[in-house]
Amino acid sequence: GAVVSQHPSRVICKSGTSVKIECRSLDFQATTMFWYRQFPKKSLMLMATSNEGSKATYEQGVEKDKFLINHASLTLSTLTVTSAHPEDSSFYICSARNAGGTGELFFGEGSRLTVL
Amino acid sequence: AQSVTQLGSHVSVSEGALVLLRCNYSSSVPPYLFWYVQYPNQGLQLLLKYTTGATLVKGINGFEAEFKKSETSFHLTKPSAHMSDAAEYFCALIQGAQKLVFGQGTRLTINP
């Protein structure tokens, strides 16, 4: 089946630094990818919709300058958490839609960010 | 606005017992509904989905769900729980063209 891969799966960084998380669709092209944030014991909150070749669409309340999203190719979207702070610590999950197939959404394994 | 409500943040059943996870939705248009499972520190895996057609949907790992329009429900069931079913389960629907709206999640615990 279709696979979406996230890297890194875990990252620890110091406060004030920037962290980049990659989301790749391994065997299909994805014109649209989605970035979610999940707090401990909570549901997934959609942060933004990443569109290949254009600007991402952010959900209300999500700081676009804080969470930079780039979707430079049909198989890769990146989320950069800029000037990270401890409150940015969370589990970030991406998903990608197989536009060429059934349109089903596939999820990455998630990336756990810890900001010290 | 469309929404999903999962009744019970935590469900505990004995191994071999029936699993029932409840999901109700609110939607002004015919919904596409999904159940996902999440194991600790992992992403989400699709269990099953309802789009159109047969209202009883069978998924992986012996799970099934029934779409009941009159009750606006899409409850997830499994006849006999296995220890490996312990996980977090999310009900979701598609909003607009492609956004998934998730319920709050239900943590399923299996007692030996």
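Everything quoted here is computed from the prediction, not taken from an experiment. (Residues numbered from 1 in each chain as written. Chains lettered and ligands numbered in written order. Predicted model: local features only at pLDDT ≥ 70, side-chain atom pairs only at ≥ 80, totals over all residues. Heavy atoms only, no water.)

## As for the sheet that holds strand 1 (residues 3-7) of chain B
All names here are of chain B. Applied cut-off: Here, a strand pair is defined by DSSP locating no fewer than two bridges between the strands. The numbering of helices and of strands both runs from the N terminus, where a helix is a DSSP run of H or I of at least 4 residues and a strand a run of E of at least 2. Only C-alpha atoms enter the line fits that serve as axes; for helices the fit covers just the stretch in contact. Angles between N-to-C directions range over 0 to 180 degrees.
Within the open sheet, the 5 strands sit side by side as 1-3-8-7-6. Their pairing is antiparallel. Of all the strands in the sheet, the pair left with one neighbour each is strand 1 and strand 6 (56-58). Neighbour-to-neighbour, the strand axes of this sheet turn through a mean angle of 20 degrees, independent of strand direction. Inspection of the sheet shows strand 7 (residues 64-68) paired to strand 8 (residues 73-78) by 5 bridges, in the antiparallel sense. Each bridged residue has a counterpart across the sheet, and for glutamate 66 the counterpart in strand 8 is histidine 75.

## Here's the deal with the nonpolar core
Heads up, the condition is: We call a set of buried Ala, Val, Leu, Ile, Met, Phe, Trp, Tyr and Cys residues a nonpolar core when their side-chain atoms join them within 4.5 Å. Accessibility here uses a 1.4 Å probe with only protein chains present; expressed as a share of the type maximum, an area under 20% marks a residue as buried, one over 50% as exposed, and anything in between as partly exposed. Only heavy atoms enter the contact rule, under which two residues are in contact if any of them lie within 4.5 Å.
In this structure, Trp35, Leu48, Phe74, Leu76 and Tyr89 of chain B are the most contacted members of the largest nonpolar core, which totals 27 residues. Of all the secondary-structure elements, those providing two or more residues to this core are strand 2 (10-14), strand 3 (19-26), strand 4 (33-38), strand 5 (44-50), strand 7, strand 8, strand 9 (87-95) and strand 11 (106-111) of chain B. Sequence-distant contacts of leucine 76 of chain B, that is, excluding residues within four places in its chain, are made with Val19, Leu20, Leu21, Trp35, Leu47, Leu48, Phe63, Glu64, Ala65 and Tyr89 of chain B. Counting residues in hydrophobic clusters, the runner-up holds 25 residues, among them Ile21, Ala56, Leu79 and Val115 of chain A.

## Quick look at the pattern of salt bridges
The line we're drawing: By definition here, a salt bridge exists when the distance from a side-chain nitrogen of Lys or Arg to a carboxyl oxygen of Asp or Glu is within 4 Å.
As enumerated under the stated definition, the model contains 5 salt bridges over all chains in all. Across the pair aspartate 88 of chain A and lysine 66 of chain A runs a salt bridge whose closest N-O atoms are separated by 2.7 Å. One end of the pair, aspartate 88 of chain A, is in the loop between strand 8 (76-81) and strand 9 (90-97); the other, lysine 66 of chain A, is in the loop between strand 6 (57-58) and strand 7 (67-73), with 22 residues separating them in the sequence. The exposure class assigned to aspartate 88 of chain A is buried, which follows from its relative accessible area of 5%. Lysine 78 of chain B is the partner of aspartate 85 of chain B in a salt bridge, and the nearest nitrogen-oxygen pair spans 2.8 Å. Comparing aspartate 85 of chain B with lysine 78 of chain B, the two get one shared label, buried.

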